[in-house]
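# Coordinate inspection notes
Here is how the chains run, residue by residue.
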Amino acid sequence: MKNHNLFAALRAAFPQALDEIAVETDTGLFYSWRDLDRGTAMMANLLASLGLPAGARIAVQVEKSVEAMMLYLATLRAGYVFLPLNTAYQSGEIEYFIGNAEPSVVVCSSKNFGWVSKIAFKAGTQNVFTLDDDRTGSLLQRAAHCSDRHTVVQRGADDLAAILYTSGTTGRSKGAMLSHENMLSNALVLKDYWGWTATGGPEGRGDVLIHALPIFHVHGLFVALHGALINGSKMIWLAKFDPKLVVRKLPEATVFMGVPTLYTRLLGEPGLNREACRNMRLFVAGSAPLLIETFTEWQQRTGHTILERYGMSETVMLTSNPYEGGERRGGTVGFALPGVSLRVQGDDGKALPTGEIGAIQVKGPNVFQGYWRMPEKTKEEFTADGYFKTGDVGKIDARGYISIVGRSKDLIISGGYNVYPAEIEGYINEIPGVAESALVGVPHPDFGEVGVAVVIAKPGSAPDPAEILASLKSRLANFKIPKRCFVVPELPRNTMGKVQKNLLRDQYKTLFA
Ligand code: MLC
Ligand code: AMP
């Protein structure tokens, strides 16, 4: 019987010469392919020794490290379900995710062990390990006693491999369930579409990826990591995005992936030029709209045309500009990837003619299995004929290029991270003295878009904007904190009484210009 385990495919793509370098870190460490194989086997054996139920979730909130990446691979290898959590999440957020996902294992940084383990044990989790970014922690101590041989566990195509929390129109996060096949099909399509090569490149050893993204979301964990692994390509592994270091490493690399903020910050480096990019083959951008100014300036400075693609947690990658055989058009996200059907629908549920703006809907082997324990919500997000409603609004031009022009979901994408206004407004409205609030996204030179909170006071109260922000800071991930807060006498409303966020966006659009 065929094993659909994603790890089996990734492992099969390791080069024959297992002692070659697979990962080089910014702290000067080198990991061979054999190290990855043995390390993931030991961690998989540790997970297997815990007697976990089938489909057990392994929730992980740790700093980026090669060991953290191996923990992801080991979870796949052992046949469990990986649940990555942004390191910025605070206790209230973690409590929700752990309570909702009921993981059997939680892995956290040792500095957070006190509060994370309390939340986890309360939710019924039996195993809490620590893992730090300096190769220490109880997970590695325990794994050190396990065998470095392990047979990849058999998985079916639709078995779950990961759950990624994401939100839609309502405030609370939903767990998008991705199967082994969802991710493997996408990785194989992208390997081909983006021309990954196992030969050539600066060292004659094929592609080398600079991995500078966090590994708790689709872009860094799946698109970048699977891309390199399924091609047996070396990675230059940066724990944090540092534009100076990226520029220094560019001559050793061939592929780079980033959210638009990474590109604008790189453009701020005088050392970014054609010479630095001489061995580069491909720059990929996504997760948020890439401004045409960034696209054009990048071309002028480096001689390379950024390839913009579009995806989401529920679907991994959906569209891409062409790698070859066609123009990469700034301001568009290219074409639906092979195997993906994408359509733009009008309010009447009918497909729209070329150039008209409507709701983007998609179907394909990459589309997720549904929201964790939310069958009703899942049903709502699919059409009767099986298309997933992305919540993005776009159009297809006469040449077939897709552009995203907006979102029907109330969502702010800030530096590539999603911020859900409904969630933040809920927290603001609980602050004493606040009657009501609205969070809107406005343009920002660094993060693309940032949140601005507009607050109405309760009669007789005068809440202080600085105190409102300070109160949010103690409860929410840092990237969700509005960059500014205004207390105003009233919010603009339509005749139905609904707050007109478009007017607020317009009012504050030059705040950071
Ligand atoms: C950090 N800050 C942000 C922020 N990141 N504010 C708004 N938006 C963000 N994204 C704030 C912090 O709160 C802090 O504020 C200050 O900036 C400095 O924090 P930092 O941690 O030092 O920031 P830095 O390390 O410079 O991080 C910036 C960044 C990071 C751009 C490198 O945000 C990042 O890695 N973004 C990538 C996100 C990503 O991978 N997205 C992919 C999602 S997948 P203060 O006030 O506390 O000092 C997806 C699907 C798809 O969307 O299609 O790919
Ligand atoms: P997430 O929930 O983090 O997976 O975010 C997915 C959302 O990011 C999509 O629904 C889009 O709104 C947005 N997105 C991803 N790639 C792009 C892109 N290239 N251009 C514009 N928006 C994008």
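Read on for an overview of the structure.

What counts and how
- Residues numbered from 1 in each chain as written.
- Chains lettered and ligands numbered in written order.
- Predicted model: local features only at pLDDT ≥ 70, side-chain atom pairs only at ≥ 80, totals over all residues.
- Heavy atoms only, no water.
- Helix = DSSP H or I, 4+ residues; strand = E, 2+ residues; numbered from the N terminus.
- Expected span 1.5 Å × (residues − 1).
- Buried < 20%, exposed > 50% of the residue type's maximum accessible area, 1.4 Å probe, protein only.
- Phe/Tyr/Trp six-rings, centres within 6.5 Å; stacked < 30°, edge-to-face > 60°.
- Lys NZ or Arg CZ within 6 Å of the ring centre and 35° of its normal.
- Polar contact = N/O pair within 3.5 Å; in protein donor to acceptor, adjacent residues only side chain to side chain.
- Contact = heavy atoms within 4.5 Å.
- Near = heavy atom within 4 Å.
- Areas by Shrake-Rupley, 256 points an atom, 1.4 Å probe, with all protein chains shown as cover.
- Nonpolar A, V, L, I, M, F, W, Y, C, P; charged D, E, K, R; others polar.
- Pairing = 2+ DSSP bridges.
- Axes fitted to C-alpha atoms, helices over the stretch in contact; angles between N-to-C directions.
- Core = buried A, V, L, I, M, F, W, Y, C linked by side-chain atoms within 4.5 Å.

### Things to note about helix α2 (residues 33-48)
- If you check α2, its first and last C-alpha atoms are 22 Å apart, about what 16 residues at 1.5 Å a residue would give, namely 22 Å.
- Burial analysis of α2 places 12 of its 16 residues in the buried class, the great majority of the element.
- Turning to α2, its buried residues are Trp33, Leu36, Asp37, Gly39, Thr40, Ala41, Met42, Met43, Ala44, Asn45, Leu46 and Leu47.

### Describing the packing of aromatic side chains
- Tallied over the entire structure, the rule returns 19 aromatic pairs.
- When the centroid spacing of 4.8 Å and the interplanar angle of 55° are considered together, the rings of phenylalanine 14 and tryptophan 33 count as tilted. Of this pair, phenylalanine 14 sits in the loop between α1 (6-12) and β1 (21-25) while tryptophan 33 sits in helix α2, and the two are 19 residues apart along the sequence. With respect to class, phenylalanine 14 is no different from tryptophan 33; both count as buried.
- Relative to tyrosine 508, the ring of phenylalanine 486 lies with its centre 4.8 Å away and its plane at 15°, an arrangement referred to as stacked. Taken as a pair, phenylalanine 486 in strand β24 (residues 484-487) and tyrosine 508 in the segment after α15 (501-507) lie far apart in primary sequence, 22 residues in all. Taken as a pair, phenylalanine 486 and tyrosine 508 share a single burial class, namely buried.
- Here a set of aromatic residues connected by ring pairs shows up, and it is made of Tyr89, Tyr96, Phe97 and Tyr165.
- The ring of tryptophan 237 has lysine 64 sitting right over it, with the charged end atom 4.7 Å from the ring centre.
- For arginine 329, the ring lying beneath its charged end belongs to tyrosine 401, and the centroid distance is 5.1 Å.

### A look at the side chain of serine 437
- Tracing the chain through its elements places serine 437 in strand β22 (residues 434-444).
- Within the local environment of serine 437, its side chain forms a polar contact with the side chain of asparagine 429, the two groups lying 2.7 Å apart.
- Excluding anything up to four places from it in sequence, serine 437 contacts Glu425, Ile428, Asn429, Val454, Val455 and Leu491.

### As for the site of ligand 1
- Around ligand 1, the surrounding shell holds 21 residues, and the nearest of these are Arg265, Ser287, Arg309, Ser414 and Lys483.
- Here an oxygen atom of ligand 1 and a backbone polar atom of asparagine 478 are 3.3 Å apart.
- Alone, ligand 1 offers 1,000 Å² of accessible surface; in the complex the protein occludes 73% of this.
- Looking at the shell around ligand 1, the elements with two or more residues in it are α8 (218-230), α10 (260-267) and β13 (307-312).
- Split by residue class, the shell around ligand 1 holds 8 nonpolar, 9 polar and 4 charged.

### Remarks on the site of ligand 2
- Around ligand 2, a shell composed of 18 residues is seen, among which Arg309, Ser313, Asp392, Lys409 and Asn418 lie nearest.
- Contact between ligand 2 and threonine 166: an oxygen atom at 3.2 Å from a side-chain N or O atom of the residue.
- Separating an oxygen atom of ligand 2 from a side-chain N or O atom of aspartate 392 is a distance of 2.6 Å.
- When isolated, ligand 2 has an accessible area of 500 Å², and the protein chains bury 91% of it.
- At the level of elements, β13 and β19 (402-407) are the ones that each hand at least two residues to the shell around ligand 2.

### Regarding the pairing of strand β7 (residues 160-166)
- Of all the 7 residues making up β7, 7 are buried; the element is thus mostly covered by neighbouring parts of the structure.
- The pairing of β7 with strand β8 (residues 174-179) spans 6 bridges and is antiparallel. Following the sheet pairing, alanine 162 is matched in β8 by leucine 178.

### Here's the deal with α10
- With respect to burial, α10 is a largely interior element, 6 of its 8 residues being buried.
- Listed as buried for α10 are Pro260, Thr261, Leu262, Tyr263, Leu266 and Leu267.
- Looking at the buried residues of α10, the elements they touch are α9 (243-249), β11 (255-258), β12 (282-285) and α11 (292-302).

### Thoughts on the sheet that holds β12
- Ordered by their spatial adjacency, 9 strands build an open sheet running β2-β1-β10-β9-β11-β12-β13-β14-β15, and the pairing between neighbours is mixed. Where the open sheet ends on each side, the last strands, each with one partner, are β2 (30-32) and β15 (335-336).
- Note that β13 and strand β14 (residues 316-320) share 4 bridges and pair antiparallel. Its bridge partner being in β14, tyrosine 310 is matched across the sheet by threonine 319.

### Comments concerning the sheet that holds strand β23 (residues 448-457)
- An order of β22-β23-β24 is seen for the 3 strands of this open sheet, with the pairing classed as mixed. Each edge of the open sheet carries a strand with a single partner, namely β22 and β24. Averaged over all pairs of adjacent strands, the angle between their axes in this sheet comes to 25°, without regard to strand direction.
- On top of the sheet, helix α13 (residues 421-429) reaches β22 and β23; it is set at about 140° to β22, its chief contact.
- Together, β22, β23 and β24 form the strand contacts of helix α14 (residues 465-473), whose direction differs from that of β24 by roughly 130°.

### Some remarks on the environment of alanine 422
- For alanine 422, the location among the structural elements is in helix α13.
- Taking the relative accessible area as the measure of exposure, alanine 422 reaches 33% and is therefore partly exposed.
- Taking C-alpha positions, alanine 422 is 8.7 Å from leucine 411, a pair spaced 11 residues apart along the chain.

### Concerning the nonpolar core
- Core analysis: the largest hydrophobic core is formed by 116 residues, its most contacted members being Leu36, Met69, Tyr72, Phe222, Phe256 and Met257.
- Other than its neighbours up to four places away in sequence, phenylalanine 256 contacts Leu209, Ile210, Ala212, Phe241, Val246, Leu262, Tyr263, Leu266, Met280, Leu282, Phe283 and Val284.
- Tyr89, Val128, Ile163 and Val434 belong to the second-largest nonpolar core, a separate cluster that totals 40 residues.

### Regarding the side chain of arginine 343
- Here arginine 343 is to be found in strand β16 (residues 341-345).
- Polar contacts involving the side chain of arginine 343 include one to the side chain of aspartate 385, which spans 2.8 Å.
- Contacts of arginine 343, omitting those with residues within four sequence positions, involve Ala359, Ile360, Gln361, Thr383, Asp385 and Tyr387.

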